[in-house]
Amino acid sequence: VKPEYLDILAGFLLGDGSLAKNKSKLTAYRLSKNHGLKQYEYMLHCMNIFYGAEREVKSGYTGKPICGFTTKSLVLPQKFVDSFYTNGIKDIKNITEYITPRTLAYWYMDDGSLGRNYCRLHTEGFTQQECVLLQDVLKNKFNIQSTVCLSKNKYYFISITSDRHKLFNLISQYMH
């Protein structure tokens, strides 16, 4: 992957994307991303960023139709992979250098939602500690205030209220 695409890949990994080690190549990984059918055009946009991606058409969990893709082997810097994974499990740490406004845009397009008075970045797969790390990145790198919230006493998400307009001004040029 070209270094200029690592920030997009970071957005994918904060959102719906995941990496799996390519067992036949020591330094290569495959990116997988799945979306609901309503996000088909967005999925095609994401798929076209990485040459040679192959489409998937049904969920491995429910068997229902979805849209998504898996890339062919991507050679990634080990430092980048280690920032998002520990022993093959998503575990974010030391990601600040990979987070740009474009990262935030792809994260929002993957896992964001907008209400009347708030914007949410959904982080259901992350621990509270990881959400606090993401909250710190938003504050320290972009001066965006946020709150880590608990949904259904089970899942964490990041809520942005007073600075939601600041977020959208920052990411609007990258939105698909």
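Look a little higher up for the structure.
Residues numbered from 1 in each chain as written. Predicted model: local features only at pLDDT ≥ 70, side-chain atom pairs only at ≥ 80, totals over all residues. Heavy atoms only, no water.

**A word on helix H5 (residues 128–142)**
Formally: Strands here are runs of E lasting at least two residues and helices are runs of H or I lasting at least four, both read from the DSSP assignment and numbered beginning at the N terminus. In a helix, the anticipated span is given by 1.5 Å times the number of residues less one. For every residue, the accessible area obtained with a 1.4 Å probe (protein chains only) is divided by the maximum for its type, and the residue is called buried under 20%, exposed over 50%, and partly exposed between those limits. The directions considered for the arc run from the helix axis to the C-beta atoms.
Its 15 residues give H5 an end-to-end C-alpha distance of 21 Å, which sits within 8% of 21 Å, the value for a rise of 1.5 Å per residue. Turning to H5, its buried residues are Glu130, Cys131, Leu134, Gln135, Val137, Leu138 and Phe142. The buried residues of H5 occupy an angular sector of 155 degrees when projected down its axis, which confines them to one face. Exposed and facing more than 90 degrees away from the buried side of H5 are Gln129 and Asn140. Asn143 sits one or two residues past H5 and shows a positive phi near 55 degrees.

**Topic: unusual backbone geometry**
If you check the backbone angles, Asn94 has positive phi at about 45 degrees while not being a glycine. Relative to the helices and strands, Asn94 resides in the loop between strand E7 (89–90) and helix H4 (101–111). According to the relative accessible area criterion, Asn94 is exposed, its value standing at 63%. Even without being glycine, Asn143 reaches a positive phi, approximately 55 degrees.

**Brief notes about the packing of aromatic side chains**
Just so we agree on the cut-off: Pairing of aromatic side chains requires ring centres within 6.5 Å, counting the rings of Phe and Tyr and the six-membered ring of Trp. Pairs whose planes differ by under 30 degrees are stacked, by over 60 edge-to-face, and all others tilted. Look at NZ for Lys and CZ for Arg. If either is within 6 Å of the ring centre and within 35 degrees of the ring normal, a charge sits over the ring.
Under the defined criterion, the tally for this structure stands at four aromatic pairs. A centroid spacing of 4.9 Å and a plane angle of 85 degrees characterise the contact between Phe80 and Tyr98, whose relative ring orientation is edge-to-face. Taken together, the residues Phe80 in helix H3 (residues 78–84) and Tyr98 in the loop between E7 and H4 connect sequence positions 18 residues apart. Exposure class is identical for Phe80 and Tyr98. Each is buried. By the ring-pair criterion, three or more aromatic residues cluster together here, those being Phe80, Phe84 and Tyr98. The side chain of Lys33 reaches across the aromatic face of Phe12, ending 4.3 Å from its centre. Taking NZ or CZ as reference, Arg120 lies 4.6 Å from the ring centre of Tyr118, over its face.

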